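Notes for the structure review
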Amino acid sequence: MKFNSVEFFVFLAIVFGLLWRFSKSLRWNNILLLVASYVFYGWWDYRFLFLMFASSLVDYLVGYFLPGSNRKKLLMGISLGVNLGLLMFFKYFNFFINSAEDLMHGLGYDSHFQVLNIILPVGISFYTFQTLSYSLDVYKGKLKPQKNFIAFLNYVSFFPQLVAGPIERAAVFLPQFLKPRVFDYNQAVLGMRLLLYGIFKKMVIADNVGLRVDEIFSNPTGRSGAELIFGISLFFVQLYSDFSAYTDIARGVAKMLGFELMRNFRTPLFAKSIPEFWARWHISLTTWFRDYLFLWLAGLNRKSTLWRIVATVILFFVIGFWHGANYTFAVFGILNGLYFIPRILSRKSRGMRDVLSILNNHPFWSSVSRLFTFSLICFTGVLFRSENIEHASSYYEGMFTNDFLGINEFTYQGIAIATGFMVFEWFTRHKSHPFDLEDYPTWLRRTLYVLLILAVFLFGYFGKEPFYYFQF
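Our subject in this report is the structure included herewith. (Residues numbered from 1 in each chain as written. Predicted model: local features only at pLDDT ≥ 70, side-chain atom pairs only at ≥ 80, totals over all residues. Heavy atoms only, no water.)

**Comments concerning the packing of aromatic side chains**
The condition is simple: Pairing of aromatic rings covers Phe, Tyr and the six-membered ring of Trp, with a centre-to-centre limit of 6.5 Å; geometry is then stacked below 30 degrees between planes, edge-to-face above 60, and tilted otherwise. Helix and strand assignments follow DSSP, with helices taken as H or I runs no shorter than four residues and strands as E runs no shorter than two, numbered in order from the N terminus. For each residue, the accessible area found with a 1.4 Å probe, counting protein chains only, is set against the maximum for its type, and the residue is called buried under 20%, exposed over 50%, and partly exposed in between. The criterion is that NZ of a Lys, or CZ of an Arg, lies within 6 Å of the ring centre and within 35 degrees of the ring normal, and then a charge sits over that ring.
All told, the structure shown has 65 aromatic pairs when counted by the stated rule. Ring geometry for Tyr60 and Phe152: centres 5.9 Å apart, planes at 50 degrees, overall tilted. Taken together, the residues span a long stretch of sequence, with Tyr60 in helix α3 (residues 49–65) and Phe152 in helix α6 (residues 149–157) at a distance of 92 residues. Accessibility expressed as a relative area gives 11% for Tyr60, which makes it buried. Owing to a relative accessible area of 0%, Phe152 belongs among the buried residues under this scheme. Positioned over the ring face of Trp322 is Lys91, at 4.9 Å from the centre of the ring.

**Examining the side chain of Asn30**
Note the cut-off: Contacts between residues were defined by any pair of non-hydrogen atoms, one from each residue, lying within 4.5 Å.
For Asn30, the location among the structural elements is in helix α2 (residues 26–45). Setting aside residues up to four positions removed in sequence, Asn30 forms contacts with Ile150, Asn154, Phe177 and Arg181.

**Some points on the side chain of Ser79**
How we decide: Under this definition, polar contacts are N or O atom pairs within 3.5 Å; protein pairs additionally need one hydrogen-donor-capable and one acceptor-capable atom, and for neighbouring residues in sequence, both atoms have to be side-chain atoms.
Mapped onto the secondary structure, Ser79 falls in helix α4 (residues 72–106). A polar side-chain atom of Ser79 sits 2.5 Å from a polar atom in the side chain of Asp59. In this structure, Ser79 is in contact with Val58, Asp59, Val62, Leu132 and Ser135, ignoring residues within four places of it in sequence.

**Considerations on unusual backbone geometry**
Going from Gly165 to Pro166, the amide bond is cis rather than trans, its omega being 5 degrees. Tracing the backbone through its elements, the reader meets Pro166 in the loop between α7 (159–162) and α8 (170–173). Its identity is not glycine, yet Thr267 carries a phi of approximately 40 degrees, on the positive side. Within the secondary structure layout, Thr267 lies in the loop between α10 (225–256) and α11 (274–280). With a phi close to 40 degrees, His282 is a non-glycine residue in the positive phi region. Mapped onto the elements, His282 comes out in the loop between α11 and α12 (283–299).

**Things to note about the environment of Glu215**
Among the secondary structure elements, Glu215 is positioned in helix α9 (residues 185–218). It is 20 Å that separates the C-alpha atoms of Glu215 and Thr328, two residues lying 113 residues apart in sequence. Setting aside residues up to four positions removed in sequence, Glu215 forms contacts with Arg223, Asn408 and Phe410.

**Thoughts on the nonpolar core**
Which entries qualify depends on this criterion: Put simply, a nonpolar core is a bunch of buried Ala, Val, Leu, Ile, Met, Phe, Trp, Tyr and Cys residues held in one set by side-chain atoms that sit within 4.5 Å of each other.
By size, the foremost hydrophobic cluster in this structure holds 135 residues, and its most contacted members are Trp278 and Tyr469. Per element, the largest residue contribution to this core is 16 residues, and it comes from α10. With residues near it in sequence (within four places) discarded, Tyr469 still touches Phe126, Ala164, Leu239, Asp242, Phe243, Trp281, His282, Trp322, His323 and Phe384.

Treat this as a map of the structure, not an account of what it does.
This is the structure we're talking about:
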């Protein structure tokens, strides 16, 4: 069930009414919410409901038995084995089979391995990490095990953020299912506002810009260098507006139902350095890998600068590969890891720290830093968007060898849409979210609501385009 569909709004209206009708009974409220979340997920493919339930059950039982067990490593190994095993099978099995076959052919062997027709369960990368973080926190003694099974199932399957995050932590999110929820009109209004803005971003900005990006990437050899450069710039605007729109809708729906979800983006395209970009982009994922992978890796040799660089590259290789079974994502991750080298070296160089301080704080140089950072991100973005390494190579070659001038009108329209959106994001960058209208007069707020709804109906793309991160 897609957020940008009529079915979802009918579903949301029913769930909203029922949950607040039975809000006095926390037990029945949680049961209704759990049923709603499983209906939401099963709408896509009911066959994979058992997979999500099985993952939830394993981590609930692991967490339940961990505190008093003398076999904690075995229990944690079961959690890691089941969760990562399922993820590896559904997401990476055919990739490794094909890679092994290519390797054998490269060595001169005529090998043919059997690949499987595997459907990637939507959201598996997200809910797997969410439930796995619970077991890891209980194992480390940071969290007490949750005895309420219904609350735990809701924590894993909460439908607003089930498919594409944010990836919530149990210490913050699980307690919200254990206390009675009281309807708050102001929170509900704020939620509807986020929902409206998210739908606008998705259907008017992301989908329309995406049409231009798809056309450019479909034939990079027939495009001018300038159009290819604008094409990858438009892609990152599409990706940001699409993914942050999902987060806005998720947070908005959660607020309407009495829950709080974390912010997943903080205007990352205005970052002044690569580390700042990753501190603002897909925050729930990057902090997950920081806490459960990087801190462990870096701790293996805290004094070595070289090892910190290696650990950072490994971290971003894994982050890149998390996105999909493709060499393009792996190279994307490695390049972003290498981008961190100046910041890592600056830890032991006062001169480099002074240079970075000037680049971050001087009005002119900070603007240059933003442009340079965006350029670096876009350079690796070619890999993120391309179907394979050959496609990316063709795109890079066209950027630097094709005739530079020449942009068609369809692309100009995308540039205009993206520019207008980014200007709005710039002037609202200090707000808790861009559509925070609390300081505006009532008449102006209502006028803006009407204008956004009209924009969706007049300029929105109604092809029911899925959110970009659904594929991950």
